[in-house]
Amino acid sequence: MKVRSKPVINSSGLILPEPFSDWFASRGWEPRAHQLELLAETAAGRSMLLIAPTGAGKTLAGFLPSLAELTARSTPKPGAAGFRSLHTLYISPLKALAVDIERNLARPVAEMGLPVRIETRTGDTPQSKRARQRSDPPDILLTTPEQVSLLIANAHAQRLFAGLRYVIFDELHSLIASKRGHLLSLALARLRKLAPDLRTIGLSATVADPEELQRWLVPQSPGSDAMAGRITVTGGASPVITILESAERIPWSGHSARYAIPEVYQTIKDHRTTLIFVNTRSQAELLFQELWRSNDDNLPIALHHGSLDAAQRRRVEAAMGRNELRAVVATSTLDLGIDWGDVDLVIHVGAPKGASRLAQRIGRSNHRMDEPSRAILTPANRFEVLECQAAIDANYVGAQDTPPGGDGGLDVLAQHVLGMAAAAPFAADDLYAEVTSAAPYAYLDRDTFDKIIAFVATGGYALKSYERYARIRKRADGLWRISNPQVAQQYRLNIGTIIEAPMLNVRMTSRKTGTLSGRGGPPLGKVEEYFLETLSPGDTFLFSGKILRFEGIRENECLVSRAWDQDPKVPAYAGGKFPLSTYLAQGVRAMIADPSKWSALPDQVSDWLQLQQQVSQLPAADSLLIETFPRAERYFMVFYPFEGRVAHQTLGMLLTRRLERMGAQPLGFVATDYSLAIWALQDTGAMIADGRLSLGDLFDEDMLGDDLDAWLNESWLLKRTFRACAVISGLIERRHPGKEKSGRQVTVSADLIYDVLRSHEPDHILLRATRADAAQGLLDIHRLGAMLKRIKGHIRHRALERISPLAVPIMLEIGREPVVGEAHESILAEAAEDLLAEAQTLS
Amino acid sequence: MPGATAALKTRTPASGPTTVDVTVNGTAVVCDRTGVIWLPDSGTLVVSDLHLEKGAAHARRGMLLPPYDTAATLARLAVAIARYNPRLVISLGDSFHDRSGSQYLPDCYRDELIGLQRGRQWSWIEGNHDPERPAGLEGDWCSQLHVETLVFRHEPNYGAADGEIAGHLHPVARVVRRGKGVRRPCFASDGKRMLMPAFGSTTGGLELRHSAMRGLFDQNALVAHLIGRERMYSVAFTRMNG
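Residues numbered from 1 in each chain as written. Chains lettered and ligands numbered in written order. Predicted model: local features only at pLDDT ≥ 70, side-chain atom pairs only at ≥ 80, totals over all residues.

Right, let's talk about the overall build of chain A for a bit. Helix and strand counts for chain A stand at 32 helices and 27 strands. Going through the 843 residues of chain A one by one, you find that 49% of them count as buried. Residue pairs at least 24 apart in sequence account for 74% of intrachain contacts in chain A once pairs closer than 6 positions are excluded. (Helix = DSSP H or I, 4+ residues; strand = E, 2+ residues; numbered from the N terminus. Buried ≥ 20, exposed ≤ 12 C-beta atoms within 10 Å, placed from the backbone. Contact = placed C-beta atoms within 7 Å.)

This is the structure we're talking about:
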């Protein structure tokens, strides 16, 4: 059909092309002010950041400028089908989101009869379609950051992107704080070079520092403070959040919330569609299983998490879109902006770990801005009751705790440099200027950049023995080129910044006596290899909503059969954990310290706190409580800093080290979001009492100086960080053409490479990158430092005869999760003593 | 290597043996914490899976691993050789990580190796990574070698093979106590056969429970001699998990 594009002035005095105003009018809708404002600003050539709550029509606003421009564009003459480059790139952190947007955009575009071709491109897109997209690109491509990096590293990038006009970043706030965001910022810098006129549109939820996002969207240069414009949509009804009231006993610890199943099930029955969010994959599995066990009405309840097979996830998403489901149990795969049907309730099982995250999840219900979203928090244990209550008291959902973006990772830069060499020969000066136009790399110095080039070329070692094996070489014309085509191939296979734990496919097979035969049945998803290491054939576990029997591992697949047991023998591993934000930790601590607030809590929780008060004491807000008690031939110290799991883990490492030096013979520790427990062979309580162990010395602030350095250099944490840096930077391969290297082999060799590199070239650029990473995110040094300062001179020790009520939750964690610590050698010594004792009884 | 590895150790030193004496098929064998075995009666020192030039081997294929593995491995080997001053050194296969390893070996490392070989016999055993005689280096070349009651070959023969000393599998033992696992390279022996740990600085390992180990040992007699940070630890296979 023919489309006229006579612009009309609408009531706000802004330009909206005719098909759009007609379409809005035909629905009795009025374009929203922010949608028109964004249209006008971008039409004037500005890049923009749009901050809006869910339900504000953010997505349509983001696409309006490019849809308007595409509509106004002249249609090519029939027969003169020349190459037309991509017009708009839409980048989403989630594959599912890109797919969802395609669906939501297709309808208005079809209804308006716009001459616009929209396609998606994700890791799931077939090879043939990808090739076709390069030769005959759509007008709008919906994709993910990794796909963009692949496209710009291609020799045809210039042709594909030369006419690019808009780049839309959805959920920008969730991207920029990660290495994924760093890589994307470098890709954007390259896109700007290929298409100097492009404008960027960032879509974001409320963030703590919007200017950081505004800078991210536009090129940076020394001395300037260039920023995209900003439109902020405020308002929206505040959500109604309650805590699930249960007649059942709330457990001391654990994350299953099994006790609350009857109430949760009843709530599902009382609503149209309920989204049930949990924090980990295994929680999702368990909850899903339990709900089906209670599902006497056969309600359509589905499961959605990242380890499930893609086809299965698509089916759930499609059914959701058709409003066929009554409930979906989901993990963070559904966190971000997916806009589905008539969700009228969100249930959050487990404590909300982070205010922004909770707001995002609650925003899934009732996608109309003027009506309040409804959400029910379901604590899984008694500590979480406190956390949920603190969240509600503090109007938590309004708080903003998105982490700052930080400096761009050097490992990410190395990956990008290789990709740029794969695209076309480059001059170092030009690439440096391009890279430093990306906000996270604006302060990158030239010396570091040159070191990264040297690293990409030959490893950048002081010992120059790899010249003959260089991956990129500077030729006589001064341009860097890849040495051979295999380098580009290797780059493509190793792209991305997401380092996953080694995973194996889970495949259903029929159980034959003893042997495994045939190709096996359908794939169910993926599971971590280290989890499988703990299983023996015949063990049953929960996955994909089914109880499965582990049959064995064949090549890269985990073979399972259907089991009919009532209960799985091995619970699934807990998966990822999130640091508790300072914001909530303080709220929880304040609530515990103030008995007048306990009336708001369930009786069993306030009883528990009262008992703690009688037996020991309550952790006060301005001091640190330490309890010591003996148990099963070990001496325990339990600390209550309330600083989050990451900071506690770092603290545990450092304290164990000091206790070892003080002769307490610590054996291990375990950290939760609230507390830390260390156990030792020596009676630490007695040592404190008679002065052999000084708590002041133990918590001296210099802990974060030399001790931290010394510990860091040897720690598993730095090794794990190094492994990620080594893979991202391309030092270690993710995959090799033809033969898949298992992730476990990578773990082993990365540790050894780290040891060799550290002892021979401790200042190597990759070790520098590793240390910077560790200090930034993994250790929470900052929070720990603030705590050490605060508690100085305010340490309260209680020597107890037995475990205190408040210590019960963390004591139950021991043995449930792997113990980290430095006590490796004592474990070996103990095992060796066994043999000695045995030998003596034999002789 | 002055200073490089002399980091201040703050932990209490673990007192214990740095060697373990065992008997394999009637021959006295000393397992040394450096990762070699010593046969006192014949003055033989055995080292397995040196994997020299592993970094360079990967670099040839586009993975630019640090070029320091050979230096680190040779330095440790020099310490072991200085301690025992052996008449014969057996390198039990996979001495080089790939076929090009010995050919492109940098001169400094070649000189160091030649220095270690001086004044003693040296036998290279064929391995799967280095199925050819090392280029430009002294020493015998063979697929297996008999010394006293023992036979040295790179890959273990499955089935009865009394007195076999082999490498190849890079054995590590995983000891679990109170829910915590510790993994260390080890010498594994049931008194009839022994598997030696990989000596190379960047070589990984395979646990004794791995299916590749199946059928090699009498599990009730199997003891793993683990290489700890400062000493050796001996743990029976049946007691790995407490």
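Let us look at the overall build of chain B. A tally of regular secondary structure across chain B gives four helices and 16 strands. For 242 residues, the compact-globule formula gives about 18 Å, and the C-alpha radius of gyration of chain B, at 17 Å, lands near that figure. Its C-alpha atoms give chain B principal-axis dimensions of about 50 × 45 × 35 Å. Buried residues in chain B amount to 47% of all 242 residues. Considering only contacts in chain B between residues 6 or more positions apart, those separated by 24 or more positions represent 68%. (Rg over C-alpha atoms; globule rule 2.2 N^0.38 Å.)

Here the focus is the sheet that holds strand β15 (residues 374-378) of chain A. All names here are of chain A. The six strands are arranged β10-β15-β14-β11-β13-β12 in an open sheet whose pairing can be described as parallel. Of all the strands in the sheet, just β10 (240-243) and β12 (301-304) have a single pairing partner and so form its edges. If you compare each strand with its neighbour and ignore which way they point, the axes differ by 20 degrees on average. Helix-sheet contacts for helix α11 (residues 261-270) involve β11 (274-277), β13 (327-330), β14 (345-349) and β15, and the interaxial angle to β14 is about 165 degrees. Helix-sheet contacts for helix α13 (residues 310-321) involve β12 and β13, and the interaxial angle to β12 is about 135 degrees. (Pairing = 2+ DSSP bridges. Axes fitted to C-alpha atoms, helices over the stretch in contact; angles between N-to-C directions.)

Residues and elements named next belong to chain A. Per the domain assignment, the segments making up chain A are domain 1 (7-232), domain 2 (240-394), domain 3 (410-498 + 717-775), domain 4 (503-562) and domain 5 (582-699 + 792-829). Facing the eight residues of domain 2 at the interface are nine residues of domain 4. Among the elements that make up the side of domain 2 that touches domain 4, the one with the highest residue count is helix α12 (residues 281-294) (four residues). (Domains from an automatic or database assignment.)

Taken as a whole, chain B shows an average pLDDT of 89; of its residues, 92% reach a score of 70 or greater. What the predictor reports for the complex is a pTM of 0.76 with an ipTM of 0.82. (pLDDT = per-residue confidence, 0-100.)

For the rest of this paragraph, the subject is the packing of helix α16 (residues 410-423) of chain A against helix α19 (residues 485-493) of chain A. Residues and elements named next belong to chain A. Running from amino to carboxyl end, α16 crosses α19 at an angle of 135 degrees, the nearest separation of the two axes being 9 Å. It follows that α16 is oblique to α19 by the angle criterion. Considering the relative orientation of α16 and α19, their crossing is left-handed. Residues Leu418, Gly419 and Ala422 of α16 lie in contact with α19, whose contacting residues are Val487, Ala488 and Tyr491. (Parallel < 35°, antiparallel > 145°, perpendicular 65-115°, else oblique. Left-handed = near helix turned anticlockwise from the far one by under 90°.)

Any two packed helices are characterised by how steeply their axes cross, that is the angle between the axes, and by the distance between the axes. Residue and element names in this part refer to chain A. With their axes 9 Å apart at the nearest point, α16 and helix α18 (residues 446-458) run at an angle of 60 degrees to one another. For the element pair α16 / α18, the angle class is oblique. The element α16 and its partner α18 pack so that their crossing is right-handed. Taken together, the residues of α18 that come into contact with α16 (itself represented by Leu410, Leu413, Ala414, Val417 and Leu418) are Thr448, Ile452, Ile453, Phe455 and Val456.

A separate point is unusual backbone geometry. Residues and elements named next belong to chain A. Despite not being glycine, Ala632 has its phi angle at roughly 50 degrees, a positive value. Of note, Ala632 is situated in the loop between β23 (624-631) and β24 (634-639). Positive phi, normally seen in glycine, also occurs at Gln665, with a value near 50 degrees. Mapped onto the secondary structure, Gln665 falls in the loop between α23 (645-661) and β25 (666-671).

The side chains of a regular strand alternate, first on one face of the sheet and then on the other. Residues and elements named next belong to chain A. A two-sided burial pattern is seen for β12, the buried positions comprising Ile301 and Leu303 on one face and Ala302 and His304 on the other. Note that β12 and β13 share four bridges and pair parallel. Within β13, the residue paired with Leu303 across the bridge is Val329. With respect to chirality, the unit in which β12 leads through α13 into the neighbouring parallel β13 is right-handed. (Right-handed = clockwise from strand over helix to strand, strands pointing away.)

Looking now at the sheet that holds strand β9 (residues 229-232) of chain A. Residues and elements named next belong to chain A. Sheet architecture is open: seven strands sit in the order β5-β6-β4-β7-β8-β3-β9, paired in parallel fashion. Each of the sheet's edge strands pairs with one partner strand only, and the pair in question is β5 (118-121) and β9. Between one strand and the next, the sheet's axes are offset by a mean angle of 15 degrees, whatever the strand orientation. Helix α2 (residues 33-43) rests against β3 (48-51), β8 (199-204) and β9 of the sheet, and its axis sits at about 170 degrees to β3.

Quick look at helix α9 (residues 179-194) of chain A now. The first and last C-alpha atoms of α9 of chain A sit 23 Å apart over 16 residues, in line with the 22 Å expected at 1.5 Å per residue. The buried count for α9 of chain A comes to 15 of 16 residues, which makes it a mostly enclosed element. (Expected span 1.5 Å × (residues − 1).)

Another point: the nonpolar core. Among the nonpolar cores identified, the biggest contains 227 residues, and Ile276, Leu287, Val329 and Ala677 of chain A are the most heavily contacted of them. Counting residues per element, this core draws most heavily on α16 of chain A, at ten residues. Grouped together as the second largest cluster of nonpolar side chains are 53 residues, Val46, Met196, Leu216 and Phe217 of chain B included. (Core = buried A, V, L, I, M, F, W, Y, C linked by C-beta atoms within 7 Å.)

Below, the discussion takes up the pairing of strand β2 (residues 27-32) of chain B. Residues and elements named next belong to chain B. Two strands pair when backbone bridges link them, and strand β1 (residues 19-24) and β2 are joined in this way by six bridges, in the antiparallel orientation. Within β2, the residue paired with Asp21 across the bridge is Val30. Direction of pairing for β2 relative to strand β3 (residues 37-39): antiparallel, over a ladder of two bridges. Bridge pairing links Cys31 to Ile37 in β3. Connecting β2 to the antiparallel partner β3 that follows it, the hairpin turn spans four residues, and Gly35 within it adopts a positive phi of roughly 105 degrees.

Turning to the environment of Ala72 of chain B, a few remarks are in order. Here Ala72 of chain B is to be found in helix α2 (residues 69-84). Classification of Ala72 of chain B as buried rests on a count of 22 C-beta atoms within 10 Å. When sequence neighbours within four positions are dropped, the list of residues in contact with Ala72 of chain B reads Val756 of chain A together with Ser201 of chain B.

We now examine the environment of Met703 of chain A. All names here are of chain A. Locating Met703 in the fold gives a position in the loop between α25 (695-698) and α26 (706-714). According to the C-beta neighbour criterion, Met703 is buried, with 21 such atoms within 10 Å. Taking the C-alpha atoms as reference points, Met703 and Leu788, 85 residues apart in sequence, are found 9.1 Å from one another. Other than its neighbours up to four places away in sequence, Met703 contacts Leu654, Leu708 and Leu788.

A few words now on the confidence of the model for chain A. All names here are of chain A. With 80% of its residues at a pLDDT of 70 or more, chain A has an overall mean of 81. Counting interchain partners and residues more than four positions distant, the pLDDT-below-50 stretch residues 736-748 has 21 contacts. Counted against residues more than four places away or in other chains, residues 816-822, with its pLDDT under 50, gives 14 contacts.

As a further point, take the environment of Ile472 of chain A. All names here are of chain A. Examined against the element boundaries, Ile472 turns out to sit in strand β16 (residues 472-474). With 21 C-beta atoms packed within 10 Å, Ile472 lands in the buried category. As a C-alpha pair, Ile472 and Ser759 span 287 residues in sequence and 27 Å in three-dimensional space. Not counting residues up to four positions away in its chain, the partners in contact with Ile472 are Ala421, Val456, Ala457, Trp480, Arg481, Ile482 and Ser483.

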